[in-house]
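One-letter residues, chain by chain:
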Amino acid sequence: MSEYGAAALAGEAAADMVLFSFFPCRLLFGFGRCAVKTIAGELQKVRTEAQEYAEKLKRSTRMWDLVINALPVHIFAKDPADDYRFVFSNRGMQDFTRLGDEEIRGKNDFDIYPEEIAAVMRGDDEKNMLDLEHGTENVLPLPDAEGKVHSMRVITWPFVEADGSCLLIGAAFDVTELEQARHSAEESAEWFRLTLNSIGDGVITTDRAGRVTMMNPVAERMLGVTGKEAMGLPHDQIFRIYNYDNDQPSPSPVMRTLRTGVIVELANHTDLIARDGTRYHIADSAAPIFGPDGKILGAILVFRDVTEEYAQRNRLRYAHAQLEAGTKISRSATFVFNPATGEIAGSSMLSELLPVTDGRIGAIDGWVYGEDRPAMLAKWERLARGEISSETFDYRTKDEHGFHYFRLNSSVDRSDPKQVMFTGVVQDVTDIRRVFDRLQEQRNLWEKVINSIPLCFFAKDADDDFRYVLCNRTFAAFVGRTPEEVVGRSDAELFCRPEDAEMFRSRDERIMKEPEGEGFEEAVMDFRENLHYLQTVKKPFAGADGRRLLLGASSDITDLRQLLSCEKLNSEVLSAMAANDDPDAMFENMAGILMKRMECDRIMLACCDRKGLLRLRNEWLSPGTVSIRETGLEKHYELWDRNIQAFHENRILKTSDVTQAEFCPGLNRDDKYRTISLIVVPVFVDEQLWGALFVSYSRVRREFNDVDERIMRGCASVISAALVAERQRHAIRQANHERQLVLDNIHIPIWLHDNRGELIRANTAVGDLFGIPAAELTTEKNRELLAPAFPPGTVQPIEESLKTGRAVHREMRLPGRDYIISAEPVFDSFGHLTYIVKSAIDMTEFNELLSSRTALNTCLETLIGEPELEKALEKVLQTLCAHLGASRACIFRFDEDAHTMSARWNMLRTGGIRSSEAPADSPVPRFRTGRTASGRNRRLSSMTLPGRRRRSAAGCGTGKSAWRTWVRFARPA
């Protein structure tokens, strides 16, 4: 008997149970024949409904079985309360793992999948349990039973049942092969069919007062009371029902039936609360029980637990929603096709993927590209004839946007012999195809790139004795093989030195234990037995098929090491140049460094004479080497003169054997002065040939390379720089000497400070000002000498000019004279402050002249403005005494003809003026002519009288008169 027939018989058995379980014989005899007929009719109705429900359930289960197992996904369920063990798996998952349903049930991910993948899935499951409202989605590499790894999109979602228990429902989509997804859908449908394959009804009978008269075992189990305990109790005490939506008590349908005599069915979403608090979602109905006389004897209440049905309905709804979501994500659709009528139905995406109009699919000529039609029609005919049970079709469509790629998988459903149906899944794989094409293009490009760059790329299989699984052409060329010849071989088979292979093996084993890998430098010999220095990076990697791989990349740094050695030598030579101002000492140090680096026997430095010919300047020899100065010098001069044009062209001459070189004719290997190998580089100074640097070997043969040329060029550049520096130092010394001579010939004191205020130099006028040699004047000494001229706390001009960047002028008094100190900033072409020039201008005589003019103007203004002569003279003499610092003033009249002088007015600084006459025999004063600060000639005289202090006199002429008037001022000598 089929499973669907078993479901139908279960419905019939339920109806029979109602008839034979609840009406014992004594009850039937008590009610009479009429009552029996009525009850039998009702029970027959219930039985008919049960049979119809069983038929619906059979059709629904068969449909879901077809749909779920046709889905291109893996569907499973886990029990979080039991270590996330599987409680359900569809056929797709079972086929994928090659495990049966019984083998999967009770196992968790760690029992089925690799530990790393299972750990990720367990993490997603735990996240689901923390957030019951949202699912998780992840793409994982899952190996099938054959070890082939598939990229699966795994979606899990928590499902909470009405009783509070929780399951994790999951689906895994194979984004590379849709056929396994179809098997997964079939298995999922089978799981839902088994879930809906159980049903049970509860029955309670009451009397006219609504008291319980009988209960069946199903009702006892659901209500949590025995029939004996419930007998005679009002039914609403044990049959407590609530509205599912608002959790409010609902009225019992029994009382309404007893009042009205009609069949009453409960509204949907009714919950039954058992004595122990268990809650059932039920569907029930109540019917009156009539006696022979047509009176109501009681009521019968039939109810069944539809909790699982609602749960199944919800799960189916969720599964359908997940299926719809999955199809939208994967751009796919499920379908059922009737070839007899041409009708097709399926998921929501179907109309977007196939040309469906009014539930029918269009002709194949209208949507399959012409080149793909013959193959598709041939496969479809084989499927229709039953030669194959399922088939996968790859085809294209074309529109104004170009080609679109599709994959369709279909199978034949022959469960109904009268009607053959095609079920399947169609997917738009355009994006996948384009991604695949791009990946293929990128792979080709990547192969071109890694085979073009000068780096060695390789990968080894750590699980296969570290044999190579791939390499680029650079690596293959290093070991003298092709990339195809390298694959499958080990290091011991590829490298000529056994110690290299042993080193690789020990290092590879260590690196496989380090997830981050390692970078290092190693010395390896190639197939030509040339030693190379490689900078290598190796890192472990897990392959898509689960293999442990070791990836590596190596860069040949042999030339780089030589270049670094060259740069180190150049740095040493430059350091020697910086440490010695004397070129000869620098050349000596450079020769020692060069001889040690190049391990040569002789170094010669030649310079051009006045005729422009190279002549030996210096020679450095290794121990045991004979100098060419002793003999053979002319032979070398002849050789140098022959190649002078090559030196002017700045060419390097080099040879590993002088007897074979064209530029060395006549240079033989005699026993005493033999030269085997030679390299020469010209030296230029200011773009003119200055000389040449020679390095020769007389004991061994030397093959010169690019690094040797760089070393020689670097040494030639250092020699040139040293000579240019020496010339510049000489020019600087000469310029400094000339500038100092110019400063020393300027009689104005001048200081030169740098941009930090430090004194650089001062001219001799500064030394004369302070009475010390200018060479002994330092910054601190200069501040010390100038400090008394500035009040405490005053900023000196140098400091202010450094701070503001502007010229500063200050008046000050230095040893008894007046000066104006000026600090002028000097900027370079970039606007940067470089120097501060400070000078001191002597203003003493100018100030005295300015004071004299002021006094004279005051006297003139007094004489002009004062009407009384005596008062005018008094004010004038007071002004003159104050200006000259005199204590007494006298006015004399001198008679040139008589040579006599008489005093007319005499004035003391503390008193007034008075008239007086000098004796007639006063001595004649002695005159002398001088020059004032202003340059004008005036008659000045110094008159010394017997017994008197020194006095000064000023003559005031009266024109052509023979008389002259003199004013004498008395002041301390």
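Conventions used here
Residues numbered from 1 in each chain as written. Predicted model: local features only at pLDDT ≥ 70, side-chain atom pairs only at ≥ 80, totals over all residues. Heavy atoms only, no water. Helix = DSSP H or I, 4+ residues; strand = E, 2+ residues; numbered from the N terminus. Buried < 20%, exposed > 50% of the residue type's maximum accessible area, 1.4 Å probe, protein only. Contact = heavy atoms within 4.5 Å. Areas by Shrake-Rupley, 256 points an atom, 1.4 Å probe, with all protein chains shown as cover. Pairing = 2+ DSSP bridges. Axes fitted to C-alpha atoms, helices over the stretch in contact; angles between N-to-C directions. Expected span 1.5 Å × (residues − 1). Arc of directions from axis to C-beta. Polar contact = N/O pair within 3.5 Å; in protein donor to acceptor, adjacent residues only side chain to side chain. Phe/Tyr/Trp six-rings, centres within 6.5 Å; stacked < 30°, edge-to-face > 60°. Lys NZ or Arg CZ within 6 Å of the ring centre and 35° of its normal. 1 Å grid on protein atoms, 1.4 Å probe; cavity = no way out; pocket = protein on both sides within 12 Å on 5 of 7 lines; lining within 4 Å. Points joined across faces, edges and corners; volume = space filled by probe spheres on them. Nonpolar A, V, L, I, M, F, W, Y, C, P; charged D, E, K, R; others polar. Parallel < 35°, antiparallel > 145°, perpendicular 65-115°, else oblique. Salt bridge = Lys/Arg side-chain N within 4 Å of Asp/Glu carboxyl O. Disulfide = S-S within 2.5 Å.

The protein chain goes by PAS domain-containing protein in an unreviewed UniProt entry, where it is assigned to Victivallis lenta.

(A) Local environment of the overall build of the protein chain. In terms of helices and strands, the protein chain carries 29 helices and 41 strands. Each of the 973 residues in the protein chain was classed as buried or not, and the buried ones make up 42%. Long-range contacts, defined as pairs at least 24 residues apart, comprise 49% of the intrachain contacts of the protein chain with a sequence gap of at least 6. Roughly 52,800 Å² of accessible area belongs to the protein chain as shown, and the carbon and sulfur atoms make up 52% of that amount.

(B) Layout of the sheet that holds strand β2 (residues 85–89). The five strands are arranged β2-β1-β5-β4-β3 in an open sheet whose pairing can be described as antiparallel. The two strands at the open ends of the sheet, each matched to only one other strand, are β2 and β3 (136–143). Within the sheet, the average angular offset between the axes of one strand and its neighbour, ignoring direction, is 30 degrees. Strand direction decides the pairing type here: strand β1 (residues 73–79) and β2, joined by four bridges, are antiparallel.

(C) Broad picture of helix α19 (residues 498–511). When the terminal C-alpha atoms of α19 are compared, their 20 Å separation across 14 residues agrees well with the 20 Å that a helix rising 1.5 Å per residue should span. For α19, every residue scored as buried is listed here: Asp500, Ala501, Phe504, Arg507, Asp508 and Ile511. One side of α19 carries all its buried residues, which in axial view fall inside an arc of 135 degrees. Turned more than 90 degrees away from the buried face of α19 sit Pro498 and Glu502, all of them exposed. Lining the buried residues of α19 we find β20 (455–461), α18 (491–494), β22 (518–525), β23 (531–542) and β24 (548–556).

(D) Region of interest: the side chain of Asn763. If you trace the backbone, Asn763 turns up in the loop between β31 (759–762) and α25 (764–770). Here the side chain of Asn763 touches Ile750 through a polar contact of 3.0 Å, landing on its backbone nitrogen.

(E) Focus on the sheet that holds strand β33 (residues 817–827). Here five strands make up an open sheet; going across it, the order is β31-β30-β34-β33-β32 and the pairing antiparallel. Here the strands that pair on one side only, and so sit at the sheet edges, are β31 and β32 (808–814). Within this sheet the neighbouring strands show an average axis-to-axis angle of 20 degrees, counted without direction.

(F) Representation of the packing of aromatic side chains. Tallied over the full model, the rule gives 20 aromatic pairs. With a centroid separation of 4.6 Å and 25 degrees between ring planes, the pair formed by Trp640 and Phe694 is classed as stacked. One end of the pair, Trp640, is in helix α22 (residues 633–642); the other, Phe694, is in strand β29 (residues 688–697), with 54 residues separating them in the sequence. In textbook terms, an aromatic cluster arises when at least three aromatic residues are bridged by ring pairs, as seen for Phe458, Tyr468, Phe475, Phe495 and Phe504. The ring centre of Phe403 lies 5.0 Å from the NZ or CZ of Arg396, which sits over that ring. Stacked on the ring of Tyr637, the Lys or Arg Arg615 has its end atom at 4.4 Å from the ring centre.

(G) Representation of helix α29 (residues 869–884) in the model. Taking 1.5 Å per residue as the helical rise, α29 with its 16 residues ought to reach 22 Å, and the 22 Å between its terminal C-alpha atoms agrees with that figure. Those residues of α29 not exposed but buried are Ala872, Leu873, Val876, Leu877 and Cys881. For α29, the angular spread of the buried residues around the axis is 165 degrees, confining them to a single face. Trailing α29 by a residue or two, Gly885 shows a phi angle of about 75 degrees, which is positive.

(H) Fine view of empty space enclosed by the protein. Enumeration over the complete set of coordinates arrives at nine cavities of 30 Å³ or more. Here the largest cavity is characterised by a volume of approximately 100 Å³. Around the largest cavity, the lining comprises 13 residues; the ones closest to its centre are Phe458, Phe475, Phe495, Phe504 and Ser554. Taken together, the residues of the lining of the largest cavity sort by class into nine nonpolar, one polar and three charged.

(I) How the structure looks around the packing of helix α28 (residues 844–865) against α29. Running from N to C, α28 and α29 cross one another at 170 degrees; their axes reach a closest spacing of 9 Å. Put simply, α28 runs roughly antiparallel to α29. On the side of α28, the interface is formed by Ser851, Ser852, Ala855, Thr858, Cys859, Thr862 and Leu863, while α29 contributes Ala872, Lys875, Val876, Thr879, Leu880 and His883. The residue inventory of the contact of α28 with α29, partitioned by class, reads six nonpolar, six polar and one charged.

(J) Spatial organisation of the pattern of salt bridges. Tallied over the full model, the rule gives 50 salt bridges. Here Asp463 and Arg548 are joined by a salt bridge, their closest N and O atoms 2.9 Å apart. Taken as a pair, Asp463 in the loop between β20 and β21 (467–471) and Arg548 in strand β24 lie far apart in primary sequence, 85 residues in all. Relative accessible area serves as the criterion here: at 47%, Asp463 is assigned to the partly exposed category.

(K) Local environment of the state of the cysteines. The full count for this structure, using the stated rule, is zero disulfides. Sulfur of Cys607: no disulfide; nearest cysteine sulfur belongs to Cys608 and is 7.2 Å away.

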